[in-house]
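Observations on the three-dimensional arrangement
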Amino acid sequence: MLRIAVLYILVSFSGAVHAQTNLQKVFAQKMDLPESRDIGTQVLRMSESFLGTPYVAGTLEGNPTEKLVCKFDGLDCTTLVESVIALTVAKSENATFDAYKNELTKLRYRDGIIDGYPSRLHYILDWLYENEKRGRLEDITEKVGGVPFTKKINFMTNHANLYAALAESEVWEKVKGQESEINTRKHSYIPKAGIQKAEPMLHDGDIVAFTSSVEGLDVNHMGIISKIGSRAYLIHASLGGKKVIMTSVPLAEYVASVPKHTGMIVARLNDI
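Owing to the predicted nature of the structure, the values given are computational and were not obtained by experimental measurement.

What to know about the overall build of the protein chain
The helix and strand inventory of the protein chain stands at 9 helices and 8 strands. Rg of the C-alpha trace for the protein chain: 19 Å, near the compact-globule value of 19 Å for 272 residues, within the 12% margin. The buried share of the protein chain, reckoned over its 272 residues, is 47%. Summed over all atoms, the accessible surface of the protein chain reaches about 13700 Å², with 54% contributed by carbon and sulfur. For the protein chain, the centre of its 31 positive side-chain charges and the centre of its 32 negative side-chain charges are spaced 4 Å apart.

Printed below as a string of structure tokens:
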């Protein structure tokens, strides 16, 4: 039995090392992409490099303790956007794997500190607020036609059965407090009917998140803009397409085709 246990540990260790080596190999390939002085173009190129990558739901869930998850071989909509931004920042500032992980941590966790499940920025409204506060992003929704977005956010604590970590009362209370804080802030969105008018004002590499008709939920989905003429298209990790794709129709038509999308929020990466 001891020999079997030792063999299992060695195989597990070997697998972890192999996965880490593959991750760093892909990272190096991303760092070799053509450079651009325009940060939006760099974001777009980085997002295009993920086209065809399999969609994997809940890529950050299921760990017994909260830890930084780095994946390039399977992404959901949020981890695609976070990976693209962190890679772009690393390429522009410090093209090392440690720099990438550092930026990913700052993007994903409050104050860049991993301290249990509540330290992760679960709501995109909170994610945008915290990353704008530290100067990485600018929420430009109001500048491109946004109007007030007034909605009470409480989906997670009202559906705690969907989140295993919320079974602990202390975690539930912390997330409840975060929801209350989100609800004290002012937010903007572009209603579905106004998206086509906003498209000419969008840039390559803009980050868009789609507001939700689901009670208590801020957004359903997010992705990255690619411009073709005056029209905007979406690069996103698609559940329906089962991989990272670019929409075949412009943004306004895509949003119109999804009943639970009520509009969108737009953010832009600041110059590095």
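A short note on empty space enclosed by the protein
Counting across every chain of the model gives 1 cavity of 30 Å³ or more. Approximately 30 Å³ is the volume attributed to the largest cavity. Residue lining of the largest cavity: Thr59, Leu60, Val69, Cys70, Lys71, Thr79, Ser83 and Arg108, and that is the complete set. Residue composition of the lining of the largest cavity, by class: 3 nonpolar, 3 polar and 2 charged.

Observations regarding the side chain of Glu66
Within the fold, Glu66 resides in the loop between helix 2 (39-48) and helix 3 (77-93). A polar contact is formed between the side chain of Glu66 and the side chain of Arg120, at a distance of 2.9 Å.

Notes on the confidence of the model for the protein chain
Across the protein chain, the average pLDDT comes to 93, with 93% of residues at 70 or higher. Low confidence marks residues 5-16, where pLDDT is under 50. Its contacts with residues over four positions away, or in another chain, come to 0 contacts.

Some words on the state of the cysteines
In the structure shown here, the tally under the stated rule is 0 disulfides. Free cysteine Cys70: the closest other cysteine sulfur is in Cys77, separated by 18 Å.

Points about the pairing of strand 3 (residues 188-191)
As defined by bridge partners, strand 2 (residues 147-148) adjoins strand 3 across 2 bridges and the pair is classed as antiparallel. Opposite Pro148, over in strand 3, you have Ser188 as the bridge partner. The pairing of strand 3 with strand 8 (residues 261-269) spans 2 bridges and is classified as antiparallel. The partner of Pro191 across the bridge, within strand 8, is Gly263.

Quick word on the nonpolar core
Phe27, Phe50, Ile85, Leu87, Tyr100, Trp127 and Met222 are the most contacted members of the largest nonpolar core, which has 53 residues in total. With 9 residues, the single largest contributor to this core is helix 3. If near-sequence neighbours (up to four positions away) are discounted, Phe50 is found in contact with Lys30, Phe72, Leu75, Leu80, Ser83, Val84, Leu87 and Val244. Listed in part, the 18 residues of the second largest apolar core include Val144, Leu202, Ala232 and Leu251.

Details of the pattern of salt bridges
Taken as a whole and judged by the stated rule, the model has 17 salt bridges. Salt-bridge contacts for Asp73 lead to Lys71; the nearest nitrogen and oxygen are separated by 3.2 Å. Among the residues examined, Asp73 registers a relative accessible area of 54% and is labelled exposed. A relative accessible area of 29% places Lys71 in the partly exposed class. Here Arg231 and Glu253 are joined by a salt bridge, their closest N and O atoms 2.8 Å apart.

Here we look at the packing of aromatic side chains
Scanning all chains against the criterion turns up 7 aromatic pairs. Summarising the aromatic geometry, the rings of Phe27 and Tyr100 are spaced 5.8 Å apart at their centres and angled 45 degrees between planes, so their arrangement reads as tilted. A residue pair is termed long-range when its members are at least 10 positions apart, and Phe27 in helix 1 (residues 2-31) and Tyr100 in helix 4 (residues 97-108) qualify at 73 residues. Ring-pair connections join several aromatic residues into one group, and the members of that group are Phe27, Phe50, Phe72, Phe97 and Tyr100. The side chain of Lys30 reaches across the aromatic face of Phe50, ending 3.7 Å from its centre. The ring centre of Tyr129 lies 3.6 Å from the NZ or CZ of Arg185, which sits over that ring.

Basis of the calculations
Residues numbered from 1 in each chain as written. Predicted model: local features only at pLDDT ≥ 70, side-chain atom pairs only at ≥ 80, totals over all residues. Heavy atoms only, no water. Helix = DSSP H or I, 4+ residues; strand = E, 2+ residues; numbered from the N terminus. Rg over C-alpha atoms; globule rule 2.2 N^0.38 Å. Buried < 20%, exposed > 50% of the residue type's maximum accessible area, 1.4 Å probe, protein only. Areas by Shrake-Rupley, 256 points an atom, 1.4 Å probe, with all protein chains shown as cover. Lys, Arg positive; Asp, Glu negative; His and termini not counted. Charge placed at Lys NZ, Arg CZ, Asp CG, Glu CD. 1 Å grid on protein atoms, 1.4 Å probe; cavity = no way out; pocket = protein on both sides within 12 Å on 5 of 7 lines; lining within 4 Å. Points joined across faces, edges and corners; volume = space filled by probe spheres on them. Nonpolar A, V, L, I, M, F, W, Y, C, P; charged D, E, K, R; others polar. Polar contact = N/O pair within 3.5 Å; in protein donor to acceptor, adjacent residues only side chain to side chain. pLDDT = per-residue confidence, 0-100. Contact = heavy atoms within 4.5 Å. Disulfide = S-S within 2.5 Å. Pairing = 2+ DSSP bridges. Core = buried A, V, L, I, M, F, W, Y, C linked by side-chain atoms within 4.5 Å. Salt bridge = Lys/Arg side-chain N within 4 Å of Asp/Glu carboxyl O. Phe/Tyr/Trp six-rings, centres within 6.5 Å; stacked < 30°, edge-to-face > 60°. Lys NZ or Arg CZ within 6 Å of the ring centre and 35° of its normal.

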